[in-house]
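# Structural overview
If you want the building blocks of each chain, they are given just below.
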Amino acid sequence: QVQLVESGGGLVQAGGSLRLSCAASGRTFDMYPLGWFRQVPGKERDFVAAINWSGGSTYYADSMKGRFTISRDNAKNTVYLQMNSLKPEDTAVYYCAAGRPLGRTSYSRGDYNYWGQGTQVTVSS
């Protein structure tokens, strides 16, 4: 069982930056692939970025490449999402998620078993 708690959301102007954090409980944090997703009201939860259990491989949605960076600190049981050059269309609730232990790193919501409660990111124009 993994419990995830996001933090770091807020209001930022277009072009600005935010860093989201997701702290996880559990002794086997370093076995889980992790992902970030986002959702706006009335739409599906979309993939943002993912990182494998070791942190050696990362994946991004096309619109985030070059702007967002996912990283993890297994010693701190935390995954991060650094977001730069933010745009108003990045406004959403951002969720972190954990997959199966030593499982594949995935773009698909269905491959993630554990979810945080979400943190709101609002980008003003």
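Refer to the preceding data block for the structure.
Summary of the structure given here. In this text, all values refer to a predicted model and were calculated from it rather than measured experimentally.

### A word on the overall build of the chain
Across its full length, the chain holds zero helices and eleven strands. What you see in the chain, going N to C, is helices and strands ordered as β-β-β-β-β-β-β-β-β-β-β. Relative to a compact globule of 125 residues, whose C-alpha radius of gyration would be 14 Å, the chain shows 13 Å and is just as compact. Its C-alpha atoms give the chain principal-axis dimensions of about 40 × 30 × 25 Å. Here the chain holds 125 residues, and the buried ones make up 46% of them. Carbon and sulfur atoms provide 46% of the accessible area of the chain, an area that totals close to 6300 Å². Side-chain charges of the chain comprise 13 positive and 9 negative groups, with the mean position of each set lying 2 Å from the other.

### Regarding the side chain of arginine 72
The topology assignment puts arginine 72 in strand β7 (residues 68–73). Aspartate 30 provides the closest opposite charge to the buried, salt-bridge-free arginine 72, at an N-O distance of 6.6 Å. Separated by 3.0 Å, the side chain of arginine 72 and the backbone oxygen of phenylalanine 29 make a polar contact. Dropping the residues within four chain positions of it, arginine 72 is found in contact with Phe29, Asp30, Tyr32, Pro33, Leu34, Ile51, Asn52, Trp53, Ser54, Gly55, Thr78 and Val79.

### Quick look at the environment of asparagine 52
Looking at the secondary structure, you find asparagine 52 in the loop between β5 (46–51) and β6 (58–60). Taking the C-alpha atoms as reference points, asparagine 52 and leucine 102, separated by 50 residues in sequence, lie 8.4 Å from one another. Apart from residues no more than four positions distant in its own chain, asparagine 52 is found in contact with Pro33, Ser57, Arg72 and Thr105.

### What about the pattern of salt bridges?
Following the criterion strictly, the structure yields five salt bridges and no others. The salt bridge involving aspartate 90 is made with arginine 38; its shortest N-O contact spans 2.8 Å. Note that aspartate 90 is positioned in the loop between β8 (78–83) and β9 (92–98) and arginine 38 in strand β4 (residues 34–39), a separation of 52 residues in sequence. Note on arginine 38: relative accessible area 14%, which makes it buried. The shortest N-O distance in the salt bridge between aspartate 62 and lysine 65 comes to 3.2 Å. We note that aspartate 62, like lysine 65, is exposed.

### Some thoughts on the state of the cysteines
According to the stated counting rule, one finds one disulfide in the structure shown. Bridging cysteine 22 to cysteine 96, the disulfide has an S-S length of 1.9 Å. Taking the sign of the torsion about the S-S bond as the criterion, the disulfide between cysteine 22 and cysteine 96, at about 40 degrees, is right-handed. Of this pair, cysteine 22 sits in strand β3 (residues 18–24) while cysteine 96 sits in strand β9; the two residues are 74 residues apart in sequence, bridging distant segments of the chain.

### Some words on unusual backbone geometry
Phi at serine 85 takes a positive value of approximately 50 degrees, unusual for a residue other than glycine. Even without glycine at this site, leucine 102 takes up a positive phi of about 60 degrees. Mapped onto the fold, leucine 102 is located in the loop between β9 and β10 (114–115). According to the relative accessible area criterion, leucine 102 is exposed, its value standing at 52%.

Reading the values: rules and limits
Residues numbered from 1 in each chain as written. Predicted model: local features only at pLDDT ≥ 70, side-chain atom pairs only at ≥ 80, totals over all residues. Heavy atoms only, no water. Helix = DSSP H or I, 4+ residues; strand = E, 2+ residues; numbered from the N terminus. Rg over C-alpha atoms; globule rule 2.2 N^0.38 Å. Buried < 20%, exposed > 50% of the residue type's maximum accessible area, 1.4 Å probe, protein only. Areas by Shrake-Rupley, 256 points an atom, 1.4 Å probe, with all protein chains shown as cover. Lys, Arg positive; Asp, Glu negative; His and termini not counted. Charge placed at Lys NZ, Arg CZ, Asp CG, Glu CD. Salt bridge = Lys/Arg side-chain N within 4 Å of Asp/Glu carboxyl O. Polar contact = N/O pair within 3.5 Å; in protein donor to acceptor, adjacent residues only side chain to side chain. Contact = heavy atoms within 4.5 Å. Disulfide = S-S within 2.5 Å.

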